[in-house]
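# An overview of the molecular structure
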Amino acid sequence: MKQVKINITILIIVIIIFSGCGVKKEGIVLRLAHSLDPSHPVHKGMVYMAKRLEELSNGNVRMVIYPSEQLGSERECVELLQIGSLAMTKISASVLEGFVPEFRVFGVPYVFRNREHFFKVVQGEIGKELLRACSKYRLMGLTYYDAGSRSFYTKEKPILSPDDLKGLKVRTMESATAIKMVKALGGSPTPIAWGELYTALQQGVVDGAENNPPSFYFSRHYEVCKYYSLDEHTSTPDVLLISLVVWESLPDSVKEIIQQAADESFEYQKKLWAETTKKCIEEVQKAGVKVYHPDKEPFMKKVEPIYEEYKKSDPLIYDLILRIRAVK
């Protein structure tokens, strides 16, 4: 891919008075904070972006990454972006829906037919449209990162049908859509911060949770939960954001290489995610976790009322659902 050159004179002239993004003698430094462990494939995708950003800019634009909630939770990092105190963050689409309503569509269970359909949507016009919608909330969507499909993992028994969720307290993210989904399936949704979940599982605050295989493995939740049921109810991507305050302060030449590096990191991370998912399932099985592939049809039927509810009460999301389903 053709390397984009940066006008060094422009870099020196531009002065950005933010703690999240600074101009120094060596160029622009962008600070990115997120909640994941450094071993996570999404973190590695951002590390790849940082490498490409430095290469494309001849060392004049650097990205410094702070993982593991060093600078706050996902929600707190987004709030820092909105005031320009932090340049960039990675956030789950489920948490982002609390800021950008359109992202609620990713929490709708079984809206995607399969992984191929998912990628056609996020890499197509609908995906780009959703990223642009962030600008109304002082955020700029750069790209998505694959976070696979979310499934249930539990302490005492596997989830082989919706009936198995009855009476179980299931951890969810701070997402109205995720809460609605767990309720529809018969469980008792319990929002808990990611960093507090291991202890909550240990102490019986919740009976289980739902997430993708790499997150299940890297969080070590498999040490507590020995049943993993791959019902794959939602495909909720991670979203890479930059502060609109910071973005609008950057020269067009810098914006161009940031977007290019982000796009390249998406392709890199997508391949890494597929490899990591397979490995993580193998590793949790070695650790004594029983992995199940339940029939998805009963789960899909159980959540059908959610679609009717959106049709009546949320035309924005229902229209997105219809458009996503129309993608071939």
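Right above here is the structure, for reference.
I will try to describe carefully the structure that is included in this document.

Conventions used here
- Residues numbered from 1 in each chain as written.
- Predicted model: local features only at pLDDT ≥ 70, side-chain atom pairs only at ≥ 80, totals over all residues.
- Heavy atoms only, no water.
- Helix = DSSP H or I, 4+ residues; strand = E, 2+ residues; numbered from the N terminus.
- Rg over C-alpha atoms; globule rule 2.2 N^0.38 Å.
- Buried < 20%, exposed > 50% of the residue type's maximum accessible area, 1.4 Å probe, protein only.
- Contact = heavy atoms within 4.5 Å.
- Areas by Shrake-Rupley, 256 points an atom, 1.4 Å probe, with all protein chains shown as cover.
- Lys, Arg positive; Asp, Glu negative; His and termini not counted.
- Charge placed at Lys NZ, Arg CZ, Asp CG, Glu CD.
- Axes fitted to C-alpha atoms, helices over the stretch in contact; angles between N-to-C directions.
- Left-handed = near helix turned anticlockwise from the far one by under 90°.
- Nonpolar A, V, L, I, M, F, W, Y, C, P; charged D, E, K, R; others polar.
- Parallel < 35°, antiparallel > 145°, perpendicular 65-115°, else oblique.
- Pairing = 2+ DSSP bridges.

Quick look at the overall build of the protein now. Across its full length, the protein holds 14 helices and twelve strands. The C-alpha atoms of the protein give a radius of gyration of 20 Å, which matches the 20 Å a tight globule of 328 residues would have. Over its C-alpha atoms, taken along the principal directions, the protein stretches across nearly 65 × 45 × 35 Å. The 328 residues of the protein split such that 56% are buried. Partitioning the intrachain contacts of the protein with sequence separation of at least 6 by distance along the chain shows that 75% fall at a separation of at least 24. Taken as a whole, the protein presents about 14,000 Å² of accessible surface, with 52% of it coming from carbon and sulfur. Mean positive and mean negative side-chain charge positions of the protein (44 and 41 charges, respectively) differ by 1 Å.

With that settled, the discussion passes to the packing of helix H2 (residues 41–56) against helix H11 (residues 252–286). Viewed as axis vectors pointing N to C, H2 and H11 meet at an angle of 145°, and their least axial separation amounts to 8 Å. As for how H2 packs across H11, the hand of that crossing is right-handed. Together, Pro41, Val42, Lys44, Gly45, Tyr48, Met49, Arg52, Leu53 and Leu56 of H2 and Ile257, Ile258, Gln260, Ala261, Ala262, Glu264, Ser265, Tyr268, Gln269, Leu272, Trp273 and Thr276 of H11 make up the contact between the two elements. Here the residues of the contact of H2 with H11 sort into 13 nonpolar, five polar and three charged.

Turning to the packing of helix H13 (residues 304–313) against helix H14 (residues 315–326), a few remarks are in order. For the pair H13 and H14, the least separation of the axes is 6 Å and the interaxial angle reads 125°. By the angle between their axes, H13 is oblique relative to H14. The element H13 and its partner H14 pack so that their crossing is left-handed. Note on element contacts: H14 touches H13 through Pro315, Ile317, Tyr318, Ile321 and Arg325, opposite Tyr307, Tyr310, Lys311 and Ser313.

So, on to the pairing of strand E3 (residues 61–66). By the alternation rule, side chains of E3 split into Val61, Met63 and Ile65, which are all buried, and Arg62, Val64 and Tyr66, of which none is buried. Here strand E2 (residues 27–33) pairs with E3 via six bridges, running parallel. By the bridge assignment, Val29 is partnered in E3 with Arg62.

It is worth spelling out unusual backbone geometry at this point. Located in the positive-phi region is Ser68, a residue other than glycine, with phi close to 60°. With respect to the helices and strands, Ser68 occurs in the loop between E3 and helix H3 (74–82). Relative accessible area serves as the criterion here: at 39%, Ser68 is assigned to the partly exposed category. Its identity is not glycine, yet Arg220 carries a phi of approximately 65°, on the positive side. Tracing the chain through its elements places Arg220 in the loop between helix H9 (213–218) and strand E10 (227–234).

Another point: the pairing of strand E5 (residues 139–145). Most of E5 sits inside the fold, with seven of its seven residues counted as buried. Pairing between E5 and strand E11 (residues 238–243): six bridges, direction antiparallel. Considered in E11, the bridge of Tyr144 is made with Val239.

Remember that the coordinates give geometry; whether it matters functionally is a separate question.
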